[in-house]
Amino acid sequence: MKRGVELMQAIKTVGAPMSSPDGRYVLYTVVTTDMEAKSQKACDYMYETETKQSRPLTGKRAKLFWEDGHTLICRRGIEGEQGTCLIRLNVETGEESELLRVAEKVDDCWPLEEGRYLLRGTKDYNAPENRQTESWVVHTEYPYKSNGNGFVSGIRHTLFLYDHGEVYQLTD
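So, here is what we can say about the structure in this document. (Residues numbered from 1 in each chain as written. Predicted model: local features only at pLDDT ≥ 70, side-chain atom pairs only at ≥ 80, totals over all residues. Heavy atoms only, no water.)

1. Section: the packing of aromatic side chains
Right, so step 1: The final tally for this structure, using the stated rule, is three aromatic pairs.
Right, so step 2: Between the aromatic rings of Tyr 25 and Trp 66, the centroid separation amounts to 6.2 Å while the plane-to-plane angle is 20°, which identifies the pairing as stacked. With Tyr 25 in strand S2 (residues 25–34) and Trp 66 in strand S5 (residues 63–68), this residue pair connects regions lying 41 residues apart in the sequence.
Right, so step 3: Classification of Tyr 25 by relative accessible area gives buried; the value is 3%.
Right, so step 4: On the basis of an interplanar angle of 50° and a centroid distance of 6.4 Å, the ring pair of Tyr 117 and Tyr 162 is categorised as tilted. (Phe/Tyr/Trp six-rings, centres within 6.5 Å; stacked < 30°, edge-to-face > 60°. Helix = DSSP H or I, 4+ residues; strand = E, 2+ residues; numbered from the N terminus. Buried < 20%, exposed > 50% of the residue type's maximum accessible area, 1.4 Å probe, protein only.)

2. Here we look at the nonpolar core
Nonpolar side chains in soluble globular proteins tend to end up buried together.
Right, so step 1: Leu 27, Leu 57, Leu 64, Trp 66, Leu 72 and Val 91 are the most contacted members of the largest nonpolar core, which has 13 residues in total.
Right, so step 2: Those elements that provide at least two residues to this core are S2, S5, strand S6 (71–77) and strand S7 (84–90).
Right, so step 3: The contact partners of Trp 66, leaving out residues within four places of it in the chain, are Met 18, Ser 19, Ser 20, Pro 21, Tyr 25, Leu 27, Thr 71, Leu 72, Val 91 and Pro 111.
Right, so step 4: Val 102, Cys 109, Leu 119 and Phe 160 belong to the second-largest nonpolar core, a separate cluster that totals twelve residues. (Core = buried A, V, L, I, M, F, W, Y, C linked by side-chain atoms within 4.5 Å. Contact = heavy atoms within 4.5 Å.)

3. Describing the pattern of salt bridges
Where charged atoms from two side chains of opposite charge approach closely, those side chains can pair.
Right, so step 1: For the coordinates displayed, the defined rule picks out ten salt bridges.
Right, so step 2: Residue Arg 75 pairs with Asp 107 through a salt bridge whose shortest N-O separation is 3.8 Å. Linking Arg 75 in strand S6 with Asp 107 in strand S9 (residues 105–111), this pair joins segments that are 32 residues apart in sequence.
Right, so step 3: Owing to a relative accessible area of 30%, Arg 75 belongs among the partly exposed residues under this scheme.
Right, so step 4: The salt bridge partner of Arg 116 is Glu 113, with a shortest N-O separation of 2.5 Å.
Right, so step 5: Of the residues examined, Glu 113 reaches a relative accessible area of 45% and is grouped as partly exposed.
Right, so step 6: A network of salt bridges, in which partner residues are shared, links Arg 24, Glu 50 and Glu 92. (Salt bridge = Lys/Arg side-chain N within 4 Å of Asp/Glu carboxyl O.)

4. Points about the environment of Tyr 168
Right, so step 1: Topologically, Tyr 168 is positioned in strand S12 (residues 166–169).
Right, so step 2: A sequence separation of 50 residues divides Tyr 168 from Leu 118, and the C-alpha atoms of the two residues are 9.8 Å apart.
Right, so step 3: The contact partners of Tyr 168, leaving out residues within four places of it in the chain, are Leu 159, Phe 160, Leu 161 and Asp 163.

5. Re the pairing of S12
Right, so step 1: Pairing of strand S11 (residues 155–163) with S12 involves four bridges; the strand directions are antiparallel. Following the sheet pairing, Asp 163 is matched in S12 by Glu 166.
Right, so step 2: The loop that links S11 with its antiparallel partner S12 comprises two residues; one of these, His 164, has a positive phi angle of about 50°. (Pairing = 2+ DSSP bridges.)

6. Some points on the side chain of Asn 90
Right, so step 1: Tracing the backbone through its elements, the reader meets Asn 90 in strand S7.
Right, so step 2: One polar contact links the side chain of Asn 90 to the main-chain amide nitrogen of Thr 93, over a distance of 3.0 Å. (Polar contact = N/O pair within 3.5 Å; in protein donor to acceptor, adjacent residues only side chain to side chain.)

Now the structure itself:
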């Protein structure tokens, strides 16, 4: 009989299922626990409804969005920079190609028509480049997020429109 720690390590949790627009594929995440490293590992898998087979899609958890029935958009950070690179991933061939690169941190992506994408990003209005001065910040709303040391202000979700290479901020 397995002990509590061994049992805990053997448990795999599955979450975040997302079907392709045509229903041929289902993406999901599997999380396993490594008790020795005191960490969890998350990997993305794809289930093919026709073959009834699952296969690993990424070696780690990635933020994925469906562009069409066989193309995923994968979010990646830009090494050494603040910003996001979105990659197209063909789930049938495994081919990757860069879709777009923006200076903003992108959390979600919704394809519109060809060459246009609605992006939801996080903007830190307390970052030095967004402050009114180095010594003060104007708070124009009630704090709503706590970090245990007071409140965290100025971190907001913002909508952006990516339109054929240009980025437009739609909300503050």
